Amino acid sequence: MRRFTQGLYGYAFALLVCFAGVGLFLLTTPQGRTEHIPRVDFTIDAKNAAGAAEFPIAVPQPVQPDWVPTSSRLTDEGGVVTWRLGFATAKRMHAMLAQSNEQPTAGFANRLANTETSIGTEVIKGTTWEKRFREDKNQRSLVRVADGRTVVVTGSADWPELTALAASLVERDV
């Protein structure tokens, strides 16, 4: 028994026991192989935003196929209404719709896009959106400012996915 507790044999035996324990643990532990993305229902926040805001709220209708709404946050602080709606896209990247009447509008847009530098414009369903890109964060953004409110579609999703989200927006009045 002494040769299993000392020297090279002892080390090898202890290592073998550890590997056997880890192997047994891995065999008996349940392992989920299915994707689980938490889904939220944003319809209540959309209705509350439309009621609280003094501007039309842009709501994605319909939600893109295979997209999962993952977060919805509505804040109303002293008349400044902000609604953020996050998605996991079909390619499992992140896309977010954010809109607010925060002033100055440029400050809200710059903060959400993480840059103030425009790389051009794109016309989506007859509306001109400003395109922004922040390379170090791999963040693309579409920004629209109109009538004292700002709408930002942003995230790590590619341009076609962000454009699809912007194209699906339908304005809902108060």
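Everything here concerns the structure above.
Reference entry: report on the structure contained in this document. Note that the structure is a prediction, hence the values are computed from the model and not measured.

Rules used in this analysis
Residues numbered from 1 in each chain as written. Predicted model: local features only at pLDDT ≥ 70, side-chain atom pairs only at ≥ 80, totals over all residues. Heavy atoms only, no water. Phe/Tyr/Trp six-rings, centres within 6.5 Å; stacked < 30°, edge-to-face > 60°. Helix = DSSP H or I, 4+ residues; strand = E, 2+ residues; numbered from the N terminus. Buried < 20%, exposed > 50% of the residue type's maximum accessible area, 1.4 Å probe, protein only. Lys NZ or Arg CZ within 6 Å of the ring centre and 35° of its normal. Pairing = 2+ DSSP bridges. Axes fitted to C-alpha atoms, helices over the stretch in contact; angles between N-to-C directions. Contact = heavy atoms within 4.5 Å. Patch = residues over 30% accessible without salt bridge, like charges linked within 9 Å, V, L, I, M, F, W, Y side chains within 5 Å. Areas by Shrake-Rupley, 256 points an atom, 1.4 Å probe, with all protein chains shown as cover. Salt bridge = Lys/Arg side-chain N within 4 Å of Asp/Glu carboxyl O.

What follows is about the packing of aromatic side chains. On inspection of all chains with the given rule, the structure shows three aromatic pairs. Taking the centre distance of 6.3 Å and the plane angle of 45° together, the rings of Phe42 and Trp83 count as tilted. Taken together, the residues Phe42 in the loop between helix 1 (7–28) and helix 2 (43–52) and Trp83 in strand 3 (residues 80–88) connect sequence positions 41 residues apart. Relative accessible area serves as the criterion here: at 9%, Phe42 is assigned to the buried category. One aromatic cluster is present, formed by Phe42, Trp67, Trp83 and Phe87 through successive ring pairs. Cation over ring: Lys131 sits above Trp159, and NZ or CZ is 4.4 Å from the ring centre.

In this structure, the amide linkage connecting Gln61 to the following residue, Pro62, adopts the cis form with an omega of -5°. You can see Pro62 is positioned in the loop between strand 1 (57–60) and strand 2 (68–77). In this chain, Gln103 is followed by Pro104 through a cis amide linkage whose omega measures -5°. The topology assignment puts Pro104 in the loop between strand 4 (94–100) and helix 3 (105–113). Unusually for a residue other than glycine, Arg92 sits at a positive phi of about 60°. The phi dihedral of Asn138 is positive, around 50°, even though this residue is not glycine. Structurally, the position occupied by Asn138 is in the loop between strand 6 (127–134) and strand 7 (139–146).

With that out of the way, let us pick up the pairing of strand 8 (residues 149–155). Extensive coverage of strand 8 is indicated by the burial of seven of its seven residues. Here strand 8 shows no split at all, with Arg149, Val151, Val153 and Gly155 on one side and Thr150, Val152 and Thr154 on the other all buried. Direction of pairing for strand 7 relative to strand 8: antiparallel, over a ladder of seven bridges. Across the sheet, Val143 pairs through a bridge with Val152, a residue of strand 8. The turn joining strand 7 and strand 8, which pair antiparallel and follow one another in sequence, is formed by two residues; a positive phi near 55° is taken by Asp147.

Bringing the sheet that holds strand 6 into the picture now. Taken together, the seven strands give an open sheet; going across it, the order is 2-3-4-8-7-6-5, and neighbouring strands pair in antiparallel fashion. Each end of this open sheet is capped by a strand with a single partner; those strands are strand 2 and strand 5 (118–124). Between one strand axis and the next, the sheet turns by 20° as a mean value, whatever way the strands run. Contacting strand 2 and strand 3, helix 2 runs over the sheet at an angle of about 25° to strand 2. Contacting strand 3, strand 4, strand 5, strand 6, strand 7 and strand 8, helix 4 (residues 159–167) crosses the sheet at an angle of about 25° to strand 7.

Here the focus is a nonpolar patch on the surface. Taken together, the side chains of Leu8, Tyr11, Leu15 and Phe19 present a nonpolar region at the surface, about 490 Å² in accessible area. Secondary-structure assignment places Leu8 in helix 1. Judged by its relative accessible area of 70%, Leu8 is exposed.

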